[in-house]
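# Descriptive structure summary
Take a look at the letters that make up each chain.
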Amino acid sequence: MIDVSREKFEELVAEALDTIPPELAHVMENVVMVVVDDPPESGLLGLYTGIPLTERGEWYSGVLPDRIEIYRNSICEICETEDEVVEEVQITVVHEIAHHFGIDDDRLHELGW
């Protein structure tokens with residue numbers, strides 16, 4: 001386990017977001033990403049809550065933003081070095097953004113995520 005300050009962890013999440021290709025970042029819509037210390041249940045590194053882009057229709061308006069939570073303590077618990085934290089943050093950010101685009105866990109695993 002490694003302890004990474006909340007400030008540093010938020011920087012790592014921001015850096016991971018910066019690696020998202022611009023053409024994908026440009027179409028991300030009505031979504032917020034936040035760092036949360038602890039997950040609602042054990043074992044979660046991140047969580048997407050919302051309506052994926054693939055399920056939105058003409059009815060979609062006036063809806064609260066989708067929410068992506070990245071769990072600092074859960075990620076730090078499974079890592080031993082800051083480099084491992086950087087890698088796990090990157091993987092988790094990509095994984096949760098994929099859910100925003102309507103890609104489910106089975107497909108993500110097929111793709112190697």
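Up top is the structure.
Because the structure is predicted, anything quoted here is derived from the model rather than measured. Every chain's residues receive numbers from 1 upward, in the order its sequence appears when written. Local features in this predicted model are restricted to residues whose pLDDT is 70 or higher, and side-chain atom pairs enter the listing and the counts only when it is 80 or higher, whereas totals over whole chains, interfaces and linings include all residues. Only hydrogens and water are set aside when side-chain values are computed; all heavy atoms of the structure are taken into account.

### Points about the nonpolar core
- Here, nonpolar core refers to any group of buried Ala, Val, Leu, Ile, Met, Phe, Trp, Tyr and Cys residues whose side-chain atoms link them within 4.5 Å. Throughout this description, buried means an accessible area under 20% of the type-specific maximum (1.4 Å probe, protein chains only), exposed means over 50%, and partly exposed covers the range between. Counting residues in each nonpolar core, the largest one holds 21 residues, and the members touching the most others are Phe9, Val13, Ile70, Val85, Val89 and Val93.
- Numbering of helices and strands runs from the N terminus, with a helix taken as a DSSP run of H or I at least four residues long and a strand as a DSSP run of E at least two residues long. Put simply, the parts of the chain that give this core at least two residues each are helix H1 (6–18), strand S1 (31–36), strand S3 (66–71), helix H3 (72–77) and helix H4 (82–100).
- When residues in this core are grouped by element, the largest group, five residues, is from H4.
- Any pair of residues with heavy atoms lying within 4.5 Å of one another is described as a contacting pair. Once residues within four sequence positions are removed from consideration, valine 89 is found in contact with Phe9, Leu12, Val13, Ala16 and Ile75.

### Some words on a negative patch on the surface
- Nonpolar side chains (Val, Leu, Ile, Met, Phe, Trp, Tyr) within 5 Å and like charges within 9 Å form the patches, drawn only from residues with over 30% relative accessible area and no salt bridge. Here the accessible surface of atoms and residues is derived via Shrake-Rupley with a 1.4 Å probe, and residues count as covered only by protein chains that are part of the display. A pairing counts as a salt bridge when a side-chain nitrogen of Lys or Arg comes within 4 Å of a carboxyl oxygen of Asp or Glu. Under this rule, positive means Lys or Arg and negative means Asp or Glu; His and the chain ends count for nothing. Positions of charges follow a simple convention, taking NZ of Lys, CZ of Arg, CG of Asp or CD of Glu. On the surface, Glu7, Glu11, Glu15 and Asp18 cluster together to form a negatively charged patch.
- Inspection of the secondary structure assignment puts aspartate 18 in helix H1.

### Structural notes on the side chain of arginine 56
- For arginine 56, the position within the fold is in the loop between strand S2 (46–49) and S3.
- When its relative accessible area of 16% is taken as the criterion, arginine 56 is described as buried.
- For arginine 56, the side chain forms a polar contact with the main-chain oxygen of isoleucine 51, separated by 2.8 Å.
- In this view, arginine 56 contacts Glu29, Asn30, Ile51, Asp66 and His100; residues no more than four positions away in its chain are not counted. A 3.5 Å cut-off defines polar contacts: any pair of N or O atoms within that distance qualifies, except that in protein one atom must be a possible hydrogen donor and the other a possible acceptor, and neighbouring residues in sequence count only when both atoms are side-chain atoms.

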